[in-house]
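What follows is each chain in one-letter form.
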Amino acid sequence: MGNPEAEDLRSPAEQRLGPVLRRRGQVQPGTTDQRLLDVVGDSDWVHTDPWRVMRIQSEFVEGFGALAELPSAISVFGSARTKPGTPEYEEGVRLGKALVEAGFAVITGGGPGAMEAANKGARDAQGVSVGLGIELPFEQGLNPHVDIGINFRYFFVRKTMFVKYAQGFVVLPGGLGTLDELFEALTLVQTRKVTRFPIVLFGTAYWSGLVDWLRGTVIAQGKASDRDLMLFHVTDDVDEAVALVSKEAAR
């Protein structure tokens, strides 16, 4: 006769974990409750995909809850490496202030540089200054001019908040992260996933090379159409940038 204790330790032939059925070699040791309550057990289970889905869901819930009552807002993007005191930084401050004076809240990535500048301008104008941060190994946290701040683990959740709670984008000179946000917004407008969404590139000298490449290479080779150049505006003037997003957002 076998050892009952040994039999209890054997893996079952069939295992049900909520709606999931596992058999044979797919049976997992222990139970979900056991892994939760066993403080000395392996904690790797919290990083598996089912648990990650709940974490993603919680980020959406927190973001929606924090931003649902925002007034009309504009998302401002730009480099975290823009130095305080430089012309680019001061233009970001003026832009943030002008957007508030036009009736908008200002949403940025919450970091330093151009993002900090726009948040500072919004705060100086006594407007709503929002920072949507991202968990990165080299980030410095939310800048001190953010009044409503959320830190996200996942880029795609953060991107949803930038678009869902803004009536337009103003894009200051920036690097790969800025380009990522810019092209995502352009794609959403081009494919009509969002409508009446103005996109303004601020800084003619900085963005002219990109615009020339789009026209001379992408469009010239048939990878996009001439009308796609109408998805955005380029300007060096703060007042014009604010007027463009105000006009388009009001349609």
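Note that this is a predicted model, so its numbers are computed, not measured.

Asker: Even after reading the chapter, I still don't get the overall build of the chain, so can you show me in this structure?
Answerer: In terms of regular secondary structure, the chain is built from 9 helices and 9 strands. Within the span of the chain, comprising 251 residues, buried residues form 40% of the whole. In the chain, of all internal contacts separated by at least 6 residues, the share reaching a separation of at least 24 is 67%. A total accessible area of about 14,700 Å² is found for the chain, and carbon and sulfur atoms account for 53% of it.

Asker: Whenever I open this one, the pattern of salt bridges confuses me. Can you help?
Answerer: Here the idea is simple: oppositely charged side chains can pair when their charged atoms come close. In this structure the tally under the stated criterion is 4 salt bridges. We note a salt bridge from K159 to D180, for which the minimum N-O separation is 2.7 Å. Taken together, the residues span a long stretch of sequence, with K159 in helix α6 (residues 155–164) and D180 in helix α7 (residues 176–190) at a distance of 21 residues. You can call K159 buried: its relative accessible area is 13%. Through salt bridges that share partners, K159, D180 and E184 make up one connected network.

Asker: I would appreciate a short explanation of the packing of α7 against helix α8 (residues 204–219) in the present structure.
Answerer: Packed helices, taken two at a time, are described by their axes: the angle between them and the distance between them. The N-to-C vectors of α7 and α8 enclose an angle of 45 degrees; their axes lie 14 Å apart at closest approach. On the basis of the axis angle, α7 is oblique to α8. Here α7 runs over α8; the crossing is right-handed. Where α7 approaches α8, its residues T178, L179, L182 and F183 are matched on the opposing element by W207, L210 and L214. Of the residues in the contact of α7 with α8, the class split is 6 nonpolar, 1 polar and no charged.

Asker: Is there a simple way to explain the sheet that holds strand β6 (residues 148–152) in this structure?
Answerer: Adjacent strands of a sheet form backbone hydrogen bonds with each other and so pair up, either parallel or antiparallel. Reading across from one edge, β6-β5-β4-β3-β7-β8-β9 is the order of the 7 strands in this open sheet, with parallel pairing throughout. Two strands in the sheet have a free side with no partner beyond their single neighbour: β6 and β9 (233–235). When the angles between neighbouring strand axes are averaged without regard to direction, this sheet yields 20 degrees. Sheet analysis places strand β8 (residues 199–202) next to β9, joined by 3 bridges and oriented parallel. Counterpart to F202 in the pairing with β9 is T235. Contacts from α6 reach β3 (73–77), β4 (105–108), β5 (129–134), β6 and β7 (169–171), with the element oriented near 160 degrees to β5. Sitting on the sheet, α7 is in contact with β3, β7 and β8, with an inclination near 150 degrees to β8.

Asker: What is the right way to read the side chain of T178 from this model?
Answerer: Inspection of the secondary structure puts T178 in helix α7. The buried category is assigned to T178, whose relative accessible area is 6%. Other than its neighbours up to four places away in sequence, T178 contacts F77, G78, S79, V171, L172 and W207.

Calculation criteria
Residues numbered from 1 in each chain as written. Predicted model: local features only at pLDDT ≥ 70, side-chain atom pairs only at ≥ 80, totals over all residues. Heavy atoms only, no water. Helix = DSSP H or I, 4+ residues; strand = E, 2+ residues; numbered from the N terminus. Buried < 20%, exposed > 50% of the residue type's maximum accessible area, 1.4 Å probe, protein only. Contact = heavy atoms within 4.5 Å. Areas by Shrake-Rupley, 256 points an atom, 1.4 Å probe, with all protein chains shown as cover. Salt bridge = Lys/Arg side-chain N within 4 Å of Asp/Glu carboxyl O. Axes fitted to C-alpha atoms, helices over the stretch in contact; angles between N-to-C directions. Parallel < 35°, antiparallel > 145°, perpendicular 65-115°, else oblique. Left-handed = near helix turned anticlockwise from the far one by under 90°. Nonpolar A, V, L, I, M, F, W, Y, C, P; charged D, E, K, R; others polar. Pairing = 2+ DSSP bridges.

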